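Descriptive analysis of the structure
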2 protein chains.
Amino acid sequence: MPHPFDTALELDFSETRAGSARGQTSPDYANMVGPFGGLTAAAIVAAISAHPDRLGDPVSLTVNYAAPIDDGDFDIVLRAVRTNRTNQHWIAELSQAGDIKTTATAVFGIRRSTWSDTEPQPPSAPDPEDAVQQDISSFVVWTRNYEMRFVEGALPGDGAGESPESTSTLWVRDHPRRALDFPALTALCDVFYPRVFLRRGQFIPAGTISFTVYFHAEADDLARQGDDFLLATARAQRFSGGYFDQNAQLWGRDGTLLATTHQVVYFKS
Amino acid sequence: MPHPFDTALELDFSETRAGSARGQTSPDYANMVGPFGGLTAAAIVAAISAHPDRLGDPVSLTVNYAAPIDDGDFDIVLRAVRTNRTNQHWIAELSQAGDIKTTATAVFGIRRSTWSDTEPQPPSAPDPEDAVQQDISSFVVWTRNYEMRFVEGALPGDGAGESPESTSTLWVRDHPRRALDFPALTALCDVFYPRVFLRRGQFIPAGTISFTVYFHAEADDLARQGDDFLLATARAQRFSGGYFDQNAQLWGRDGTLLATTHQVVYFKS
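Residues numbered from 1 in each chain as written. Chains lettered and ligands numbered in written order. Predicted model: local features only at pLDDT ≥ 70, side-chain atom pairs only at ≥ 80, totals over all residues. Heavy atoms only, no water.

1. Let's talk about the overall build of chain A
Rules: We count a stretch as a helix when DSSP gives it H or I for four or more residues in a row; a strand needs E for two or more, and each element gets its number in order from the N terminus. Only C-alpha atoms enter the radius of gyration; for comparison, a globular chain is expected to reach 2.2 Å times N to the power 0.38, where N is the number of residues. Partly exposed describes any residue whose relative accessible area lies between the buried limit of under 20% and the exposed limit of over 50%, with all areas from a 1.4 Å probe on protein chains only and scaled to the type maximum.
Within chain A, the regular secondary structure consists of five helices and 13 strands. Since a compact globule built from 269 residues should have a radius of gyration of about 18 Å, the 18 Å found for chain A is in line with a globular shape. Each principal axis of the C-alpha atoms in chain A carries an extent, and together these give about 55 × 45 × 40 Å. When burial is assessed residue by residue, chain A has 62% of its 269 residues classed as buried.

Below, the structure is given as structure tokens:
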């Protein structure tokens, strides 16, 4: 049996015009409205990665969620707008029946051995086995594909009340377990429920508008994680005017900062 | 006399096809190679803002610097790929003689009055009048358009040595003074010299690859700042494989978090 993530990322490059891929939504990754945004972002990374002209590995990705994706087929049109010696710039547009639902830009590149350092420390956390597993898949279907063990800031239950801070920190991995790769890391960067739920202690209509991932991991860093837990932590900075932003980090269990990621989210209050 | 920033942002919508604008590089904003990236980003915000179909104010912007912009004319082709009830998604491509140099996506939107909060505190800082002014315009031309008063992490001088942290915090405003607007705020989000200079205590070839701004300010917040200093702070997270990322915040002197901004930067070492 293929992993649900791999099934959801199956792309057909043969039926469509050159440089585009056709996929279809997966009921396993359904969100409140449309599919899990992390999966859509992962599909774009997977599509570029499979493109014959692709140079190197992902360095940065920005995905803008313009409209909900309906259940069914979608097309991802890819364009390498510039190929330099060590990096390559992409524009991707995901559409359904000619209607643009998602846009993205990505930079792929070749990494070279350089001076390196990581400034922040990973958040302190007990071992994943000692953290509290939270299953919210009856609430949001896509979460059944992840094992989430919260260290801080689990999804607030009924009557939880407001929280003075928006930080959530959790150990997370694909369920069933699956070896980490760039598409999986991309999806994991969007694994956090909206920070406004935590602050207000309740469900509030909210949706990501723009999502950015900076990939720090090289292929070797990913291979070293295998199918182990990652430590994911997110925090909002400002909520105002119906929008808030979020900064997040994804750490390997070995202390490697694999990705830093940001998003801006629309909310109603 | 118009302000150099306004001169640099002069765009001509008449000579080119519908939805595109022609501008030209300004010697006042020259960087080591090509123009100051913050100015290019500001030009894209200005071009969308001037578009007759534009809805609301900037919410998010991602600019990818694909290739150096040569001195001379450039064209910005704009496309509103999706207009929703309260937000609008744009793709912009800046080219010279048909060669794409910069790509961008932006979300503009209408803000509504909602619950609001800012989680982080502004960095502690003396008044700008008591901070150390640094003039590096003999080194990089575009900086002559900004008054920069460093609280922490000024550009290292000869023999400065390595620094264990990459944080720079400075008071900054346009020079000559100019009332803050969305293009000016956009440019100010890119005002930081590359963090790797501070860590290594020396100049190292480096250039921004992808730059994102999340706008928290509404027009009223900008008007309230007038032409006063903003408090800008930036820090890197991970340096590796020839790339590093940067998180930054821009605060009003009145304690309003006006924008949060991120970038990934290429460096040689």
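2. Observations regarding the side chain of B:Thr256
Residue and element names in this part refer to chain B. The line we're drawing: Counting of polar contacts relies on pairs of N or O atoms within 3.5 Å, with two restrictions inside protein: one atom must be capable of donating a hydrogen and the other of accepting it, and residues adjacent in sequence are counted only when both atoms are side-chain atoms.
Structurally, Thr256 can be placed in the loop between strand S12 (243-252) and strand S13 (257-267). By relative accessible area, Thr256 is classed as buried at 11%. Polar side-chain contacts of Thr256 include one of 2.9 Å to the side chain of Arg224.

3. Description of helix H2 (residues 37-49) of chain B
Residues and elements named next belong to chain B. This is how it is decided: To estimate the expected span of a helix, subtract one from its residue number and multiply by 1.5 Å.
Compared with the 18 Å implied by 1.5 Å per residue over 13 residues, the 18 Å span of H2 between its first and last C-alpha is a close match. Where burial is concerned, most of H2 is hidden: twelve out of the 13 residues are buried. Listed as buried for H2 are Gly37, Gly38, Leu39, Thr40, Ala41, Ala42, Ala43, Ile44, Val45, Ala46, Ala47 and Ile48.

4. Focus: the pattern of salt bridges
Going by this rule: Any carboxyl oxygen of Asp or Glu that lies within 4 Å of a side-chain nitrogen of Lys or Arg is treated as forming a salt bridge with it.
All told, the structure shown has 40 salt bridges over all chains when counted by the stated rule. With its nearest N and O atoms 2.7 Å apart, the salt bridge here joins B:Asp28 to B:Arg144. In this pair, B:Asp28 is assigned in the loop between strand S1 (20-24) and H2 and B:Arg144 in the loop between strand S7 (132-133) and strand S8 (146-152), connecting sequence segments 116 residues apart. By relative accessible area, which is 25% here, B:Asp28 ends up partly exposed. Residues B:Asp227 and B:Arg177 are paired through a salt bridge, measuring 3.0 Å at the closest nitrogen-oxygen approach. Here B:Asp227 is found in the loop between helix H5 (219-225) and strand S11 (230-240), whereas its partner B:Arg177 is found in the loop between strand S9 (168-174) and helix H3 (182-188), with 50 residues between them in sequence. A residue is classified by how much of its surface remains accessible, and B:Arg177, at 46% relative accessible area, is partly exposed. Among the charged side chains, a salt-bridge network with shared partners connects A:Asp117, A:Glu119, B:Glu165, B:Arg199 and B:Arg235.

5. Things to note about the relation of the copies chain B and chain A
Quick note on the threshold: For this overlay, a least-squares fit was computed on C-alpha atoms, restricted to residues scoring pLDDT of at least 70 in both copies. Any two residues whose heavy atoms approach within 4.5 Å at even a single point are treated as in contact.
Mapping chain B onto chain A leaves a residual RMSD of 0.0 Å; the transformation is a rotation of 180° accompanied by 0.0 Å of translation along its axis. Taken together, the turn and the small shift mark the pair as related by a two-fold rotation axis. The share of interface residues of chain B whose copies in chain A are also at the interface is 100%, consistent with both copies meeting through the same surface.

6. A word on the interface of chain B and chain A
Quick reminder of the rule: By definition, the buried area sums, over both parts, the 1.4 Å-probe accessible area that each loses when the two are put together. Gly is put with the polar residues, along with every residue not named as nonpolar or charged; the nonpolar set is Ala, Val, Leu, Ile, Met, Phe, Trp, Tyr, Cys and Pro, and the charged set is Asp, Glu, Lys and Arg.
Residue-level contacts link 69 residues of chain B with 69 residues of chain A. Carbon and sulfur atoms supply 48% of the area buried between chain B and chain A, which totals about 5900 Å² over both sides. When the area that chain B buries against chain A is broken down by residue, the three leading residues are B:Trp115, B:Glu119 and B:Arg238, summing to 15%. Here chain B is connected to chain A by ten salt bridges. The residue B:Glu119 makes a salt bridge to A:Arg235 at a minimum N-O spacing of 2.9 Å. The interface formed by chain B and chain A holds 45 residue pairs in polar contact (both at pLDDT 80 or more) in total. Per element, the largest residue contribution to the side of chain B that touches chain A is eight residues, and it comes from strand S5 (residues 99-109) of chain B. In terms of residue class, the side of chain B that touches chain A is made up of 23 nonpolar, 28 polar and 18 charged.

7. What about unusual backbone geometry?
Residues and elements named next belong to chain A. Geometrically, the link from His175 to Pro176 is a cis peptide bond, its omega value of -5° lying close to zero. With a phi angle near 50°, Ala97 is a residue other than glycine that sits in the positive phi range. With respect to the helices and strands, the residue Ala97 is situated in the loop between strand S4 (87-96) and strand S5 (99-109). The class for Ala97 is exposed, based on a relative accessible area of 88%.

8. Observations regarding the packing of aromatic side chains
Residue and element names in this part refer to chain B. Using the following cut-off: The criterion for an aromatic pair is that two Phe, Tyr or Trp rings (for Trp, the six-membered ring) have centres within 6.5 Å, with stacked assigned to planes under 30 degrees apart, edge-to-face to planes over 60 apart and tilted to the rest.
Here the structure, examined in full by the defined rule, presents 26 aromatic pairs over all chains. Considering the side-chain rings of Phe182 and Phe215, the 6.0 Å spacing of their centres and the 75° angle between planes classify their relative orientation as edge-to-face. Placement of Phe182 in helix H3 and of Phe215 in strand S10 (residues 206-215) is noted, with a sequence separation of 33 residues between them. A relative accessible area of 8% places Phe182 in the buried class. Of the residues examined, Phe215 reaches a relative accessible area of 2% and is grouped as buried. Between Phe239 and Phe244, the aromatic rings sit 5.0 Å apart at their centres with planes inclined by 35°, giving tilted as the arrangement.

9. Overview of the environment of B:Gly34
Residues and elements named next belong to chain B. Counting through the fold element by element, Gly34 comes out in the loop between S1 and H2. Gly34 sits in the partly exposed class, given a relative accessible area of 22%. Between the C-alpha atoms of Gly34 and Leu257, which are 223 residues apart in sequence, the distance is 30 Å.

10. Points about a nonpolar patch on the surface
Residues and elements named next belong to chain A. Rules: What goes into a patch is any residue over 30% in relative accessible area without a salt bridge, connected to like charges within 9 Å or, for nonpolar side chains (Val, Leu, Ile, Met, Phe, Trp, Tyr), within 5 Å. A 1.4 Å probe and the Shrake-Rupley method give the accessible areas. Residues count as covered only by the protein chains that appear here.
A cluster of nonpolar side chains, contributed by Met32, Val33, Phe139 and Phe203, occupies part of the molecular surface with about 400 Å² of accessible area. Examined against the element boundaries, Val33 turns out to sit in the loop between strand S1 (20-24) and helix H2 (37-50). Take Val33: its relative accessible area is 59%, and that puts it in the exposed class.

11. So, the environment of B:Tyr65
Secondary-structure assignment places B:Tyr65 in strand S2 (residues 57-65). Along the backbone, B:Tyr65 and B:Thr103 are 38 residues apart, and their C-alpha atoms lie at a distance of 6.8 Å. Leaving out residues up to four positions away in the same chain, B:Tyr65 has contacts with A:His89, B:Gly37, B:Gly38, B:Thr40, B:Ala41, B:Lys101, B:Thr102, B:Thr208, B:Ile209 and B:Phe211. Polar contacts involving the side chain of B:Tyr65 include one to the main-chain carbonyl oxygen of B:Gly37, which spans 2.7 Å.

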